[in-house]
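Read off the chains here:
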Amino acid sequence: MNRVCNPISADLEYGTQQKRFRLRNLKEHIAEGLLLLCAFLAVLSLLIIATYIFYSGVPIFGKVGFKEIVFGMTWKPLEDMFGIFPMIAASLLATIGAVAFGATVGLMTAVFLAELAPLWLSKVIRPAIELLAGIPSVVYGFFGLIVIVPLIDKYFGGGGNSLLAAIIILGVMILPTIVSISETSLRSVPIEYKEGSLALGASQLQTIFKVSIPAARSGIAAGIILGMGRAIGETMAVILVIGNTPQLPGSLLDRARTLTSNIAIEMSYAQGLHQEALFATGVVLFVFIMILNIVLTTIFRKAGEEK
Amino acid sequence: MKNVLRNNSKTGLTVVLLVVILMGTFLFAACENTATNEETTSLSGKVMIVGSTSVQPLAEELADEFNKQHPDLRIDIQGVGSTAGVKSVNDGTCDIGTASRALKSEEESWGLTETVIAMDGIAVIVNPANKVQDLQNEDVLKIFTGEINNWKDLGGEDKEIIVVSREAGSGTRGAFEELMKLEKKEGDKTVSLVVDNALIAEGNGAVLANVAGKESAIGYMSLGMVDESKVKKANINGVEATVQNIQNQSYPIARPFLMLTKGEPTQETKAFLDFILSNEGQEVVAKDYIPVN
Amino acid sequence: MKQRRIKEIIQKSFIWLCTFITVAALAWIVIYIIANGFEHLNLDFIFSEYKGGKNGILPMILSTVYVAFLSVIIATPIGIGAALYLVEYAKPGKLLYLVRFATETLAGIPSIIYGLFGFIFFVTILKFSFSLLSGALTLSIMVLPTVIRTTEEALKCVPVSYREGSLALGATKFQTIRGVVLPSAIPGILTAVILSIGRIVGETAAVYLTAGMVTRFPDSIMDSGRTLSVHLYVLAKEGISFEEAFATATILIITVALINLATNKAAGRLKRRYEP
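Residues numbered from 1 in each chain as written. Chains lettered and ligands numbered in written order. Predicted model: local features only at pLDDT ≥ 70, side-chain atom pairs only at ≥ 80, totals over all residues. Heavy atoms only, no water.

Colleague: Even after reading the chapter, I still don't get the overall build of chain A, so can you show me in this structure?
Modeller: For chain A, the helix and strand inventory stands at 13 helices and two strands. Here the C-alpha atoms of chain A give a radius of gyration of 27 Å, more than 25% beyond the 19 Å that 2.2 N^0.38 yields for 307 residues. The principal-axis extents of the C-alpha atoms in chain A amount to approximately 95 × 65 × 30 Å. Relative to its full complement of 307 residues, chain A shows a buried share of 55%. In chain A, the proportion of contacts linking residues at least 24 apart, taken out of those at least 6 apart, comes to 70%. When the accessible area of chain A is evaluated, it comes to approximately 13500 Å², of which 68% is carbon and sulfur surface. In chain A, the 22 positive side-chain charges and the 19 negative ones have mean positions that sit 4 Å from each other. (Helix = DSSP H or I, 4+ residues; strand = E, 2+ residues; numbered from the N terminus. Rg over C-alpha atoms; globule rule 2.2 N^0.38 Å. Buried < 20%, exposed > 50% of the residue type's maximum accessible area, 1.4 Å probe, protein only. Contact = heavy atoms within 4.5 Å. Areas by Shrake-Rupley, 256 points an atom, 1.4 Å probe, with all protein chains shown as cover. Lys, Arg positive; Asp, Glu negative; His and termini not counted. Charge placed at Lys NZ, Arg CZ, Asp CG, Glu CD.)

Right under this line is the structure:
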């Protein structure tokens, strides 16, 4: 810190003033230290969470074997069979399905809101989408259980609890995330780009698809990845509609169990190795989320560099 | 500027209102507590009960009844599952653990005190629209192992059977598998034989809801919780699942409801257990379950 | 030219269709639930206890309020502090990157993992057992990234000239922050708090593994309690009463709508303040 030291004012007051300066300095340091501590608490929480999840979930990989768990096909925890491959597959399939739906519909909705919609209409739709974002996931799950599952049962048979039901519910759940982030990044495309394109004789839609969307691609990608994270991590909505059968789904109408529902359903019953296996499920989920997050940070950093 | 001010005071008002409402609810809760405090005549304190979701509704009713005599005793009931109940009473994280199945040999070695508070049947349930209602023991076995997978084999419609089972570790599932011989010994392990593609429902109610909602579904659940306006009980070997038939042992699938304690129970815990075993307590049990005396 | 027109029409109708799907999905969910929940919604349902045939939800509302209140009290000061450090003090470098990475990751962790963590750390190791405290501590970590991010945005909105003015008058950095920056950012901080409340109210997986699901009035923060979302989950999975489930879901949706309204109001205030 730059000390204020004036050789001329060497009068009697000098001592007290220095004291005051020092006190002030001290206060500043304490404040900065406290704020640093707060910031560091976030890092610390992450560390503790990761440590405890890994500490509880990793040992079983040594006891049972990495291959037996991650690529094992049979989940019969009471009989010491801890294969979670069916759950990994179900989580990925549900996420891919949901993102395929959510990204298409969401991006188009964002285009509509950012480029085509009259002001009054976007003023109605945007708060509606915000409401969609805030609805608790268990409400989505309940809706799926009461409406979607019987509908699937009626038209396709098989009971209705299925991968398809989970995809529909998750797809709708991630829409708001994708819409709002894509819309923001579409809006931040410089107006000159669009004007240039239009001046060259391109139509409005050509401009959207050839200029605006490519220019906003990193924001759109970020929205999609955030949506993916939400889909893969969703628990309660999925439990209520997917049927929770720990078996590799052969079709969209098959019952399945995701990583998250595996944890939530059996956690309260589990003990010993079984509990460790559930933490191991958590570890796998954690790794997936970390990968998504690293991809996300890379995209953001790239976007930053481009600008 | 005027506009801004007005708007500000408006939001300010909303905030104040919100705060008042919040305070109100807090006060309300506080008032209620003090109100009950004044009536104190006897037991107070807290009894923590953790365990089976099947035992939970019965335990709640018993606690309600007991609270009429001892309004100041707090009885908290946490329905998390039989295995967790046994484990937490052993850990000392609760006063009473509950289980809806007999203890396993490993758990028996922990030295817990068992109190059988009631017996409960496990009913096999089907959708009301299902024509099949009479099942033999072997039919149930074959359905749940997947050997029979279409209702037409049992005289019903040509529809694939949807087996609804419970999550691994559930007391109801454990008892059902044990009683129906749906498990086999492989070395020192007991392996469940329930068909792999069974729909797994978490909780008795979820089984009920699934069977009620799907015409071709079959499931099993605590007899005391069956809602006959939504599902149909199947007769096993021609015997209906009723309290009488379990008492005269003609209905084969019944299991005990256990309350477990470790070491010397507290005064409150003991009083509650004594109440359950008293005539009054067993009257509450008899409403939906089978009393033990 | 004609071909191009047809293509444009198809593209345009596709965009309209997608928007329609989004809006229709929302309308379907909200209207279906509210239409079914409204008939069961009455004062008796909202303001009675959950026992003796009257399956009221007052205890769940109270537990939700307690948990939300506690989590916000824990998370807000820490979150504001962290945001202040990131915006006002931190220089670009490893530390800043680390904190950023941590908050981003925390934001991405699924709630079930928070639940697992809370269950093993607060419930089991720290022996808080299933309690409102365990739930609130778990949730406060969960909403921390929201608080930090939203506060950061608000702090960045405070014009540099404000800070310069204060510093030029001889105030120290911290005095400037306390006296000038923070007060100007209050609407933004309010937004952060409201957003966190929204997330807490909607959370199920993390609360259900940490706060438990006792349906009584909590006497203290060491008691277990069931929040509204957990209640809806239990009603749905136990199939106890779909009418109650619809009514509870309706209350949740109304709460969320109110929270969104409040957020927009707070954000609007922030905007008005810096736009002439």
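After that view, the rundown keeps rolling.
Colleague: Help me understand the overall build of chain C in this model?
Modeller: A count of helices and strands for chain C gives 12 helices and two strands. A burial count over chain C gives 58% of its 276 residues as buried. Surface accessibility of chain C: about 11400 Å² in total, with carbon and sulfur atoms responsible for 69%. Across chain C, the 25 positively charged side chains and the 16 negatively charged ones have centroids separated by 11 Å.

Colleague: Help me out: how do you make sense of the domain arrangement of chain A in this one?
Modeller: Accessible area lost when the parts come together is the quantity often used to give the size of an interface. Residues and elements named next belong to chain A. Considered domain by domain, chain A is made up of domain 1 (2-57) and domain 2 (66-306). In this assembly, seven residues from domain 1 lie in contact with seven residues from domain 2. Interface of domain 1 and domain 2: buried area, both sides summed, is about 590 Å²; carbon and sulfur atoms make up 86% of it. Taken as a group, Ile-53, Phe-54 and Ser-56 account for 66% of the area that domain 1 buries against domain 2, more than any other trio of residues on that side. At the boundary of domain 1 with domain 2, the tally comes to zero salt bridges. At the junction of domain 1 and domain 2, the tally comes to zero residue pairs in polar contact (both at pLDDT 80 or more). Split by residue class, the side of domain 1 that touches domain 2 holds five nonpolar, two polar and no charged. (Domains from an automatic or database assignment. Buried area = accessible area lost by both parts, 1.4 Å probe. Salt bridge = Lys/Arg side-chain N within 4 Å of Asp/Glu carboxyl O. Polar contact = N/O pair within 3.5 Å; in protein donor to acceptor, adjacent residues only side chain to side chain. Nonpolar A, V, L, I, M, F, W, Y, C, P; charged D, E, K, R; others polar.)

Colleague: Would you mind showing me how to read the nonpolar core here?
Modeller: Burial of nonpolar side chains together is a common tendency in soluble globular proteins. Core analysis: the largest hydrophobic core is formed by 159 residues, its most contacted members being Ile-49 and Tyr-140 of chain A. Beyond its immediate sequence surroundings of up to four residues, Ile-49 of chain A is in contact with Phe-286 of chain A together with Leu-106, Ile-113, Tyr-114, Phe-117 and Ile-141 of chain C. Core analysis: the second largest hydrophobic core is formed by 46 residues, Val-132, Val-163, Val-195 and Leu-208 of chain B among them. (Core = buried A, V, L, I, M, F, W, Y, C linked by side-chain atoms within 4.5 Å.)

Colleague: Explanation requested: empty space enclosed by the protein in the structure shown.
Modeller: Empty space left among the atoms is revealed by rolling a probe the size of a water molecule over them. Residues and elements named next belong to chain B. Within the structure shown, the criterion is met by three cavities of 30 Å³ or more. In this model, the largest cavity occupies a volume close to 70 Å³. Lining the largest cavity, in full, are Ala-129, Asn-130, Lys-131, Trp-151, Glu-157, Lys-159, Glu-215 and Ser-216. Partitioning the lining of the largest cavity into residue classes produces two nonpolar, two polar and four charged. (1 Å grid on protein atoms, 1.4 Å probe; cavity = no way out; pocket = protein on both sides within 12 Å on 5 of 7 lines; lining within 4 Å. Points joined across faces, edges and corners; volume = space filled by probe spheres on them.)

Colleague: What am I meant to see in helix H2 (residues 56-69) of chain B here?
Modeller: For an α-helix, 3.6 residues make a turn, and residues three or four places apart therefore share a direction. All names here are of chain B. Under the 1.5 Å per step criterion, the end-to-end length of H2 is 20 Å for 14 residues, consistent within 8% with the ideal 20 Å. Here H2 has its buried residues at Gln-56, Leu-58, Ala-59, Leu-62, Ala-63, Phe-66 and Asn-67. Packing partners of the buried residues in H2 comprise strand E2 (73-79), strand E4 (113-126), strand E13 (254-261), helix H9 (267-277) and helix H10 (279-288). (Expected span 1.5 Å × (residues − 1).)

Colleague: Just checking my understanding: could you explain the pattern of salt bridges for this structure?
Modeller: Any two side chains of opposite charge can pair, on the condition that their charged atoms come close. Under the criterion given, the structure shown has 27 salt bridges over all chains. Between Lys-270 of chain B and Asp-274 of chain B there is a salt bridge, with its nearest N and O atoms 3.3 Å apart. Placement of both Lys-270 of chain B and Asp-274 of chain B in helix H9 is noted, with a separation of four residues, approximately one turn of the helix. The class of Asp-274 of chain B is partly exposed, set by a relative accessible area of 43%. The salt bridge partner of Arg-100 of chain C is Glu-152 of chain C, with a shortest N-O separation of 2.3 Å. One end of the pair, Arg-100 of chain C, is in helix H4 (residues 94-108); the other, Glu-152 of chain C, is in helix H6 (residues 132-157), and 52 residues separate them in sequence. You can call Arg-100 of chain C partly exposed: its relative accessible area is 29%.

Colleague: Would you mind showing me how to read the packing of aromatic side chains here?
Modeller: Ring pairs (aromatic) are described by centroid distance and by the angle formed between their planes. Under the criterion given, the structure shown has 25 aromatic pairs over all chains. The interplanar angle of 35° and the centroid separation of 6.1 Å between the aromatic rings of Phe-71 of chain A and Phe-85 of chain A together place this pair among those described as tilted. You can see Phe-71 of chain A sitting in the loop between helix H3 (66-70) and strand E1 (75-76) and its partner Phe-85 of chain A sitting in helix H4 (residues 85-116), a full 14 residues away along the chain. Judged by relative accessible area, which is 49%, Phe-71 of chain A ranks as partly exposed. When the ring of Phe-144 of chain B is compared with that of Phe-176 of chain B, the centres are 5.2 Å apart and the planes differ by 65°; the resulting orientation is edge-to-face. With Phe-144 of chain B in helix H5 (residues 137-145) and Phe-176 of chain B in helix H6 (residues 171-179), this residue pair connects regions lying 32 residues apart in the sequence. On the basis of relative accessibility, which here comes to 0%, the residue Phe-144 of chain B falls in the buried class. Grouping aromatic residues by their ring pairs yields a cluster made of Tyr-52 of chain A together with Phe-117, Phe-121, Phe-122 and Phe-128 of chain C. (Phe/Tyr/Trp six-rings, centres within 6.5 Å; stacked < 30°, edge-to-face > 60°.)

Colleague: Quick question: what am I supposed to make of the domain arrangement of chain C here?
Modeller: All names here are of chain C. The domain architecture assigned to chain C consists of domain 1 (1-40) and domain 2 (43-274). Summarising the inter-unit geometry, the C-alpha centres of domain 1 and domain 2 are found 32 Å apart. With eight residues of domain 1 in contact, the opposing surface of domain 2 contributes eight residues. Contact between domain 1 and domain 2 buries roughly 730 Å² in total, counting both sides, with carbon and sulfur atoms accounting for 82%. At the junction of domain 1 and domain 2, the tally comes to zero salt bridges. Between the two partners, domain 1 and domain 2, sit one residue pair in polar contact (both at pLDDT 80 or more). Looking at side-chain class alone, the side of domain 1 that touches domain 2 contains five nonpolar, three polar and no charged residues.

Colleague: I keep staring at the side chain of Thr-191 of chain C and nothing clicks. Help me out?
Modeller: All names here are of chain C. On the secondary structure map, Thr-191 appears in helix H9 (residues 186-202). For Thr-191, a relative accessible area of 8% puts it in the buried group. Excluding its chain neighbours within four sequence positions, the residues that come into contact with Thr-191 are Thr-150, Thr-263, Ala-266 and Ala-267.

Colleague: Is there a simple way to explain unusual backbone geometry in this structure?
Modeller: Residues apart from glycine generally show negative phi values, whereas peptide bonds are mostly found in trans. All names here are of chain B. Despite not being glycine, Asn-237 has its phi angle at roughly 50°, a positive value. As for its placement among the helices and strands, Asn-237 is situated in the loop between strand E12 (235-236) and helix H8 (243-247). The partly exposed category is assigned to Asn-237, whose relative accessible area is 34%. Even without being glycine, Gln-249 reaches a positive phi, approximately 65°. Relative to the helices and strands, Gln-249 resides in the loop between H8 and E13.

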